[in-house]
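The chain contents come next:
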Amino acid sequence: SLLKRLGVADPSAANFIRSNTDARRLIDGQGGKLVQARTAADGTLLELIGRYPALDPARAGTHFTRLKLVRADGQFRVSLETAPLVAQARLGSGSIRSSLWAATDQARLPDAIAAQLIEIFSGDVDFHRQLKKGDTFSVVYEALTADDQPITWNEGTGRILAAEFVNNGKSLQAVWFHDAKQGKGAYFGLDGQSRRRAFLAAPLEFSRMTSGFAMRFHPIHKTWRAHLGTDFAAPTGTAVRTVGDGVVEFAGVQNGFGNVVFIKHRNQHVTVYAHLSRIGVKKGQSVEQGQNIGAVGSTGWATGPHLHFEFRVNGAHQDPMIIARQSEAAAPVSAAARPAFDRLASVMRTELASAELIQQASAE
């Protein structure tokens, strides 16, 4: 059926693909492979090229396998090569009418880009409670290609290179900059100030918040009481990450929390991660911001799978979003790297302006 869709009428080619171990990789396993064929006028196969994730799982995110099937002297010959995926810059923009996800769908942006957009600006924007109709976004991002063909696996994207988000009239920008001397990259504002803060706004990546920092009707105790934390709805097994650097103060079972992890940060800051299905750290272990410490579950007093998250300062409960916003930012771009950063920021400012024009043209 694959050959038929490609316009190939060649039983011998079909038989070879079925019987040859390497050629059969084209039709075994997952779909989504990119396939091209070249035929003679009568439909006889002359050449077929397939592209799909690298056979080595460790390289699947950065490389692809190129399968080449060629007819020569009446015989088929097959070869396998591993080649690097190449990133190409793409532009996108949109305006929010109902939700960010609906807007990125309309802008034909991959979910991975929408998720990164949330991650970059979540320290300044509460994407659950503060989005306004008419908020806009523009992005410059990497699209991964195999031999200049957009791929369909790994969501086909790399990282956001630059982004702008306008929330309630306030404009926020970010650009990815790799400091060659320090050997690492991070997001900075166009003014060179780091967008990384001491604490992340959320312990789950891109999940839906079911209740904010407020009063709620407790689903088990059936009484109104202070909900001293934030609940994040997510499927059982969803990875839970620590919001900041620290040391595991407790990891085990505790009353209504079920499986729970307490992490002590500096300045008497403590974070709590409860109802876990699995705990991935031990008491006394040092952890870094974003590190996986367990998985979402429904242990303890929980009516369904979710993460209960608390932020305590000197023992008093605080709103995690406020703490994240008020936490200090990482170091700005170094003086030595500033000239290179300024050149990049100038280019990205122009690219973001071009991306914004896409949304305006679409609206018109």
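In this text the structure is predicted, and so the values were computed from the model without any measurement.

Looking only at helices and strands, the protein features 7 helices and 23 strands. Dimensions along the principal axes, computed over C-alpha positions, put the protein at roughly 80 × 50 × 45 Å. Expressed as a percentage of its 364 residues, the buried residues of the protein come to 45%. For the protein, restricting intrachain contacts to residue pairs at least 6 apart in sequence, the fraction spanning at least 24 positions comes to 60%. Looking at the protein as shown, the accessible area adds up to about 18600 Å², and 50% of this sits on carbon and sulfur atoms. Distance between charge centroids for the protein: 4 Å, based on 41 positive and 33 negative side chains.

Attention now goes to the pairing of strand E2 (residues 45–53). With 7 of its 9 residues buried, E2 lies for the most part within the structure. Sheet topology places strand E1 (residues 34–39) next to E2; 6 bridges connect them, and they run antiparallel. Within E2, the position partnered with Arg 38 by the bridge is Glu 47. What sits between the antiparallel neighbours E1 and E2 is a turn of 5 residues, in which Gly 43 has the positive phi angle 90 degrees. Sheet topology places E2 next to strand E3 (residues 63–72); 7 bridges connect them, and they run antiparallel. Note on E3: the bridge partner recorded for Gly 50 is Leu 67.

Here we come to the sheet that holds strand E21 (residues 292–295). Spatial strand order, E15-E21-E19: 3 strands in an open sheet with antiparallel pairing. Edge positions in the sheet fall to strand E15 (239–241) and strand E19 (278–279), since each has one partner strand and no second. By the bridge criterion, 3 bridges tie E15 to E21 in an arrangement that is antiparallel. Bridging from a neighbouring strand, Ala 239 pairs with Ala 295 of E21.

The next thing to look at is the pattern of salt bridges. Enumeration according to the criterion identifies 13 salt bridges in this entry. Between Arg 24 and Asp 28 there is a salt bridge, with its nearest N and O atoms 3.3 Å apart. Taking the relative accessible area as the measure of exposure, Asp 28 reaches 34% and is therefore partly exposed. In this structure, Glu 119 and Arg 241 form a salt bridge, with 2.6 Å as the shortest nitrogen-oxygen distance. Remark: Arg 241 occurs in strand E15 and Glu 119 occurs in helix H5 (residues 111–121); sequence separation between them is 122 residues. Taking relative accessible area as the criterion, Glu 119 reaches 27% and is therefore assigned partly exposed. Assessed through its relative accessible area of 9%, Arg 241 is described here as buried.

One pass over the structure, following the stated rule, counts 10 aromatic pairs. With 5.3 Å between their ring centres and 45 degrees between their planes, Tyr 273 and Phe 309 make a pair best called tilted. Taken together, the positions of Tyr 273 in strand E18 (residues 269–276) and Phe 309 in strand E22 (residues 306–313) put the pair 36 residues apart, joining distant regions of the chain. An identical accessibility class is assigned to Tyr 273 and Phe 309; each is buried. Of the aromatic side chains, those joined through ring pairs into one cluster are Phe 177, Phe 188 and Phe 341. A cation over a ring is seen here: Lys 33 above Tyr 52, with NZ or CZ 5.5 Å from the ring centre. Between Arg 159 and the ring centre of Trp 176, over which it is positioned, the NZ or CZ distance is 3.9 Å.

Okay, the sheet that holds strand E4 (residues 75–84) next. Think of a sheet as strands paired side by side through backbone hydrogen bonds, with each pair either parallel or antiparallel. An order of E1-E2-E3-E4 is seen for the 4 strands of this open sheet, with the pairing classed as antiparallel. Each edge of the open sheet is held by one strand with a lone partner, namely E1 and E4. Going from strand to strand, the sheet's axes swing by 15 degrees on average, the running direction of each strand aside. Two strands pair when backbone bridges link them, and E3 and E4 are joined in this way by 10 bridges, in the antiparallel orientation. Counted as the bridge partner of Thr 65 is Thr 82 from E4. With respect to the sheet, helix H2 (residues 11–19) is in contact with E2, E3 and E4, its orientation differing from that of E4 by roughly 55 degrees.

Each value, and the rule that gives it
Residues numbered from 1 in each chain as written. Predicted model: local features only at pLDDT ≥ 70, side-chain atom pairs only at ≥ 80, totals over all residues. Heavy atoms only, no water. Helix = DSSP H or I, 4+ residues; strand = E, 2+ residues; numbered from the N terminus. Buried < 20%, exposed > 50% of the residue type's maximum accessible area, 1.4 Å probe, protein only. Contact = heavy atoms within 4.5 Å. Areas by Shrake-Rupley, 256 points an atom, 1.4 Å probe, with all protein chains shown as cover. Lys, Arg positive; Asp, Glu negative; His and termini not counted. Charge placed at Lys NZ, Arg CZ, Asp CG, Glu CD. Pairing = 2+ DSSP bridges. Salt bridge = Lys/Arg side-chain N within 4 Å of Asp/Glu carboxyl O. Phe/Tyr/Trp six-rings, centres within 6.5 Å; stacked < 30°, edge-to-face > 60°. Lys NZ or Arg CZ within 6 Å of the ring centre and 35° of its normal. Axes fitted to C-alpha atoms, helices over the stretch in contact; angles between N-to-C directions.

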